[in-house]
Amino acid sequence: RAFIGAGARSVLVSLWAIDDEATMEFMKVFYQQLVHGRSASEALNDAMKSMRESDRFNAVKYWAPFVLIGDDVTLEFEGIQ
């Protein structure tokens, strides 16, 4: 709530602690999708799907705890390569 109260339009949170390597893989896919113009909810869905399809992190405990709070934003990364 503090991030939303401070003006963040959207926050991705985890409902429980997750393995660091699994979180890193999840976030890689999530942010890659954001950079490619996907909305936050689409990026979240893609990251969850990627984890479900992986050999190493397909257990529910690795991909299910992530929740998007706030607006379904689409970020613009003009000039970033």
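Our subject is the structure that appears above.
Calculation notes
- Residues take numbers from 1 onward in each chain, read along the sequence in its written order.
- Confidence filtering applies because this is a predicted model: local features only for residues at pLDDT of at least 70, side-chain atom pairs given and counted only at 80 or more, and all residues used for totals across whole chains, interfaces and linings.
- With hydrogens and water stripped out, all remaining heavy atoms of the structure feed into the side-chain values.
- Helix and strand definitions here come from DSSP, where helices need a minimum of 4 consecutive H or I residues and strands a minimum of 2 consecutive E residues; each element is numbered from the N-terminal end.
- N or O atoms within 3.5 Å of each other form a polar contact, as long as, within protein, one can give a hydrogen and the other can take it, and as long as residues adjacent in sequence are counted only when both atoms are side-chain atoms.
- When a carboxyl oxygen of Asp or Glu is within 4 Å of a side-chain nitrogen of Lys or Arg, the pair counts as a salt bridge.
- Accessible area is worked out with a 1.4 Å probe on protein chains only. A residue is then buried under 20% of its type maximum, exposed over 50%, and partly exposed in between.
- By convention, a stacked pair of Phe, Tyr or Trp rings (six-membered ring in the case of Trp) has centres within 6.5 Å and planes under 30 degrees apart, an edge-to-face pair has planes over 60 apart, and any other such pair is tilted.
- Here, over-ring charges are defined by two tests on the NZ atom of lysine or the CZ atom of arginine: distance to the ring centre within 6 Å, and angle to the ring normal within 35 degrees.

**Student:** Honestly, the side chain of Ser 39 in this entry has me stumped. Any pointers?
**Tutor:** With respect to the helices and strands, Ser 39 occurs in the loop between α2 (20-35) and α3 (40-53). Within the local environment of Ser 39, its side chain forms a polar contact with the side chain of Ser 41, the two groups lying 3.3 Å apart. At 3.4 Å, the side chain of Ser 39 forms a polar contact with the side chain of Asp 72.

**Student:** Mind showing me how you'd approach the pattern of salt bridges here?
**Tutor:** Any two side chains of opposite charge can pair if their charged atoms end up close together. Counting across every chain of the model gives four salt bridges. The salt bridge partner of Arg 9 is Asp 71, with a shortest N-O separation of 3.7 Å. Of the two residues, Arg 9 is situated in the loop between α1 (2-5) and β1 (10-14) and Asp 71 in the segment after β2 (66-70); the sequence distance between them amounts to 62 residues. Note on Arg 9: relative accessible area 53%, which makes it exposed. Of the charged contacts in the structure, one is a salt bridge between Arg 38 and Asp 46, with a shortest N-O distance of 3.0 Å.

**Student:** What should I look at first to understand the packing of aromatic side chains in this one?
**Tutor:** Two aromatic rings, taken as a pair, are described by how far apart their centres are and by the angle between their planes. Scanning the model with the defined rule gives three aromatic pairs in all. An angle of 85° between the planes, with centres 5.2 Å apart, marks the rings of Phe 30 and Tyr 31 as edge-to-face. By relative accessible area, Tyr 31 is classed as partly exposed at 47%. For the pair Phe 57 and Tyr 62, a centre-to-centre distance of 5.2 Å together with 80° between the ring planes defines the contact as edge-to-face. For Tyr 62, a relative accessible area of 16% puts it in the buried group. One Lys or Arg, Arg 52, reaches over the ring of Trp 63 and ends 5.0 Å from the middle of that ring.

Spatial relationships are all this shows, so hold off on functional conclusions.
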